[in-house]
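# Analysis of the macromolecular model
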Protein chains: 2
Amino acid sequence: MSRFLAVDWGTTNRRAYLVEDGAVVATTRDDRGILAVEPGGFDAEVASLRARYSDVPIVLAGMVGSNRGWIDAGYVAAPATIDALAAKAVRPIDGVAIVPGVSRSVAGRGDVMRGEEVQLLGAAAAGMVPPDSLLCQPGTHCKWAWMKDGALADFVTAMTGELFALLKAHALIGQEMTGAVADDTAFGEGVADAGRDDLLGALFGVRAASVLGLRVAGTAASYVSGLLIGTDVRAHVRPGETVYLLADEALGALYARAIGMVGASTQRIDSHAAFVAGVTRIEELLG
Amino acid sequence: MSRFLAVDWGTTNRRAYLVEDGAVVATTRDDRGILAVEPGGFDAEVASLRARYSDVPIVLAGMVGSNRGWIDAGYVAAPATIDALAAKAVRPIDGVAIVPGVSRSVAGRGDVMRGEEVQLLGAAAAGMVPPDSLLCQPGTHCKWAWMKDGALADFVTAMTGELFALLKAHALIGQEMTGAVADDTAFGEGVADAGRDDLLGALFGVRAASVLGLRVAGTAASYVSGLLIGTDVRAHVRPGETVYLLADEALGALYARAIGMVGASTQRIDSHAAFVAGVTRIEELLG
């Protein structure tokens, strides 16, 4: 029987899956992200994880393989295959593998990911998405990935979520950005206004709308979210395309709305299942 | 002899011009912007300014006429003429006039200005710019104004400068944004990259470029400035146009470079002379 522990180890959170013959038999999630682990403390942390299941083999992905994590596992250059991820995995001790990230650097534009690649290549390997497809992982730093023949051909990261948080906390318009963000009328207006291709002007317009009483109170946060997500979507999606969304329910609904408004369609993919599919394939390849 | 004091009274600074028969005979600049004046303290502040010159008549423009200033002088709706500014000036006591701001609200897009309108209409009234022209006042909130028949027909405010400051102070890429901002190679690369119409992706690219060692250290601040100013310019300027720039030397040089890169040309206008021309015309119209 094949049995191993797969860990998606991010900056602030960590999720572990015990996988037996390709099926998840136990899952744990905690806040022991890499920032919660003392420098020099990763050996003990990993040993503790493995000890829960009789020193089971373990495959680690995500920020644990960065220069702020345990061991810098480097990057595989795009176009990247799941075989390349497995081949370049760092194996510091017997029974432990750390998956590298993926980089791209063409025509002066560089980009990096670490952790998302396992979901992306896992979704393709498991047939959850077509071999040639566009995938989107919304978040603080939203990833757009173009798969070709099942490989991660290219990608771009947009600072959509981070910019929203920055504006709300620190901008002059932050004080106007009240109310919940939801897939509502104001959000749709923001997505539509993104079509004016004047983000810097539209953002100041939030302040002006408040001064002039043009906007219903408590709707500006949703409007700004629509403006940013609309800008993100318009930069990366063409009409008629299908976007495979790996997102939680709330953020997924916002991106699905914005993608629909540019004339493209969406399909939701279970990001946990995609991760498990990817890491299971990597574990098989490690031999 | 016509003699009056013109005050450009902003949020943090204040500039006063003693004007005799249309010529400036004395100028003072201090940091007594509206935030430095206690609520209820504007009467005394204005009296003190006038007393320096034997209780000369005074015309106030800028944030002093906002709801955070002395008296809210409201807004004249665009298209706005200099005659309309004079006609709607608020005159709380004999010898004192406060110039209103200008607003626009068409097709759901609102915008406001307060203070800039005197420069813009003054430049047109004095023949410093053609009656039909595009003017730009770069800054924390950059104003783009379209003049028609000498009137302020329409305008838009872009939060270009504010966003640069926010990113530098608070974003993940803020730590990368070192070095001086100048009209250099990195600035030009930023303006060029703005042409990819993917500001959110290009901003994260600053982080990726640092991780991958793709950018010379100490050039990212200039690059991000180019990205933002390039985005601002591309949204508002068409190739072949002439943009009349009312800016200080450093910011003017950056905008001139970016405007040149989109195939448009620039002419520099003295913003102080434009203000004095505008306020002098308003004072004449006050009668």
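Since the structure is predicted, the reported quantities are computational estimates derived from the model, not experimental observations.

Scanning chain A for helices and strands turns up nine helices and 13 strands. Relative to its length of 287 residues, chain A is compact, with a C-alpha radius of gyration of 20 Å against a globular reference of 19 Å. Along the first, second and third principal axes, the C-alpha set of chain A runs to 65 × 40 × 40 Å. The proportion of buried residues among the 287 residues of chain A is 53%. When contacts within chain A are restricted to residue pairs at least 6 apart in sequence, long-range pairs at least 24 apart make up 62% of them. Total accessible area on chain A stands at roughly 11200 Å², and carbon and sulfur atoms take up 50% of it. Positive and negative charge centroids in chain A, built from 24 and 33 side chains respectively, lie 3 Å apart.

To continue, consider the interface of chain B and chain A. Taken residue by residue, the interface counts 44 residues in chain B and 44 residues in chain A. Of the roughly 3400 Å² buried between chain B and chain A on both sides combined, carbon and sulfur atoms contribute 71%. By the criterion of area lost to chain A, the three top residues of chain B are B:M159, B:L200 and B:F204, representing 21% of everything that side buries. Viewed at the interface, chain A and chain B are joined by zero salt bridges. At the boundary of chain B with chain A, the tally comes to seven residue pairs in polar contact (both at pLDDT 80 or more). Counting residues per element, the ones that place at least two in the side of chain B that touches chain A are β7 (101-106), β8 (109-113), β11 (151-158), α4 (160-170), α6 (199-212) and α7 (220-236) of chain B.

Another point: the side chain of A:S66. Along the chain, A:S66 falls in the loop between β4 (58-62) and β5 (75-77). There is a polar contact of 2.7 Å between the side chain of A:S66 and the backbone oxygen of A:M63.

Before going further, it helps to spend a moment on unusual backbone geometry. Between A:A78 and the following residue, A:P79, the backbone shows a cis peptide bond with an omega angle of 0°. With respect to the secondary-structure elements, A:P79 resides in the loop between β5 and α2 (82-87). Here the phi dihedral of A:D21 falls at roughly 50°; this positive angle occurs in a residue that is not glycine. On the accessibility criterion, A:D21 (54% relative accessible area) is exposed. Positive phi, normally seen in glycine, also occurs at B:D55, with a value near 55°. Locating B:D55 in the fold gives a position in the loop between α1 (42-51) and β4 (58-62).

Here we come to the nonpolar core. In terms of nonpolar packing, the biggest core is built from 45 residues, with A:L163, A:L167, A:V224, B:L163, B:L167 and B:V224 touching the most fellow members. Elements with a minimum of two residues in this core: α4 (160-170), α6 (199-212) and α7 (220-236) of chain A together with α4, α6 and α7 of chain B. The dominant element in this core, judged by the number of residues it contributes, is α6(B), at seven residues.

The subject of this paragraph is the relation of the copies chain B and chain A. With an RMSD of 0.0 Å, the fit of chain B onto chain A corresponds to turning through 180° and sliding 0.0 Å along the axis. Overall, the copies show the geometry of a two-fold rotation axis. Among all residues of chain B, the minimum C-alpha distance to the rotation axis is found for B:L166, at 3.7 Å. Same-surface contact between copies: 100% of interface residues of chain B are shared with the interface of chain A.

Glancing now at the pairing of strand β10 (residues 142-148) of chain B. Residue and element names in this part refer to chain B. Of all seven residues in β10, five are buried, a share of seventy percent or more. The antiparallel pairing of strand β9 (residues 133-137) with β10 creates a hairpin that spans four residues between the two strands, and G139 there sits at a positive phi of about 160°. For β10 and β11, the ladder comprises seven bridges, and the chain directions are antiparallel. Note on β11: the bridge partner recorded for W146 is D154. Counting the residues that bridge the hairpin from β10 to β11 gives two residues, and of these D149 lies at a positive phi of roughly 55°.

Pairing within the open sheet is mixed, and its five strands lie in the order β11-β10-β9-β12-β13 (chain B). The strands lining the two open edges of the sheet, one partner per strand, are β11 and β13 (265-268) of chain B. Across the sheet, the mean angle from the axis of one strand to that of its neighbour is 25°, orientation sign disregarded. The sheet contacts of α6(A) involve β10 and β11 of chain B, and relative to β11(B) the element is tilted by about 95°. Here helix α8 (residues 249-261) of chain B sits on the sheet in contact with β9, β10, β12 (242-245) and β13 of chain B, set at roughly 160° to β13(B).

The subject of this paragraph is the environment of A:V262. All names here are of chain A. Within the secondary structure layout, V262 lies in the loop between α8 (249-261) and β13 (265-268). Each C-alpha atom of the pair V262 and A220 lies 22 Å from the other, and the pair is 42 residues apart in sequence. When residues no more than four places from it in sequence are discounted, the contact partners of V262 are V233, R234, V237 and P239.

Here we take up the pairing of β4(B). Strand residues, when the strand is regular, have side chains that alternate between the two faces of the sheet. Residues and elements named next belong to chain B. The buried count for β4 comes to five of five residues, which makes it a mostly enclosed element. When strand β1 (residues 3-9) meets β4, the two strands line up parallel, connected through five bridges. Among the inter-strand pairings, L5 is bridged to a residue of β4, identified as I58. As defined by bridge partners, β4 adjoins strand β6 (residues 96-98) across three bridges and the pair is classed as parallel. Its bridge partner being in β6, I58 is matched across the sheet by V96.

All names here are of chain A. By secondary structure assignment, the location of S225 is in helix α7. Among the residues examined, S225 registers a relative accessible area of 7% and is labelled buried. If near-sequence neighbours (up to four positions away) are discounted, S225 is found in contact with F164, V181, F187, G230 and L254.

With that out of the way, let us pick up the packing of α6(B) against α7(B). Residue and element names in this part refer to chain B. Remark: α6 packs on α7, axes separated minimally by 11 Å, with the N-to-C direction vectors making an angle of 175°. Here α7 runs roughly antiparallel to α6, going by the angle between their axes. Taken together, the residues of α7 that come into contact with α6 (itself represented by L199, A202, L203 and V206) are A220, Y223, V224, L227, L228 and T231. Split into classes, the residues belonging to the contact of α6 with α7 amount to nine nonpolar, one polar and no charged.

Rules used in this analysis
- For every chain, the first residue of the written sequence is number 1, and numbering continues from 1 onward in sequence order.
- Going through the entries in the order they are written, you letter the chains from A and number the ligands from 1.
- Reporting of local features is limited, given that this is a predicted model, to residues whose pLDDT is at least 70; pairs of side-chain atoms are given and counted only at 80 or more, and all residues count toward the totals for whole chains, interfaces and linings.
- No hydrogens and no water enter the side-chain calculation; it runs on all heavy atoms of the structure.
- Secondary structure elements are defined from DSSP: runs of H or I of at least 4 residues count as helices, runs of E of at least 2 residues count as strands, and each element is numbered from the N terminus.
- All radius of gyration figures rest on C-alpha atoms, and the globule criterion is 2.2 Å times the number of residues raised to 0.38.
- Burial classes follow relative accessibility: with a 1.4 Å probe on protein chains only, a residue under 20% of its type's maximum area counts as buried, one over 50% as exposed, and anything between as partly exposed.
- We call two residues in contact whenever any of their non-hydrogen atoms come within 4.5 Å of each other.
- Methods summary: accessible areas were calculated by the Shrake-Rupley approach with a probe of 1.4 Å, and residue burial reflects only the protein chains presented.
- Only four residue types enter the charge count, namely Lys and Arg as positive and Asp and Glu as negative; His and the chain termini do not.
- Charge positions are represented by NZ for Lys, CZ for Arg, CG for Asp and CD for Glu.
- Using a 1.4 Å probe, buried area is obtained as the accessible area two parts lose upon being combined, added over both of them.
- Put simply, a salt bridge is a Lys or Arg side-chain nitrogen that is within 4 Å of an Asp or Glu carboxyl oxygen.
- Here a polar contact is recorded for every N or O atom pair within 3.5 Å, except that within protein the pair must consist of a potential hydrogen donor and a potential acceptor, and residues adjacent in sequence are included only if both atoms are side-chain atoms.
- Throughout this description, the term nonpolar core refers to a set of buried Ala, Val, Leu, Ile, Met, Phe, Trp, Tyr and Cys residues connected via side-chain atoms within 4.5 Å.
- Copies overlap after least-squares fitting; the atoms used are the C-alpha atoms of residues with pLDDT of at least 70 in both.
- One bridge is not enough; two strands pair if DSSP finds at least two bridges between them.
- Axes here refer to lines fitted to C-alpha atoms; in helices the fit is confined to the stretch in contact. Angles between the N-to-C directions go from 0 to 180 degrees.
- Angular relationships are summarised with four words: roughly parallel below 35 degrees, roughly antiparallel beyond 145, roughly perpendicular across 65 to 115, and oblique for the angles in between.
- Under the scheme applied here, ten amino acids are nonpolar (Ala, Val, Leu, Ile, Met, Phe, Trp, Tyr, Cys and Pro), four are charged (Asp, Glu, Lys and Arg), and all others, including Gly, are polar.

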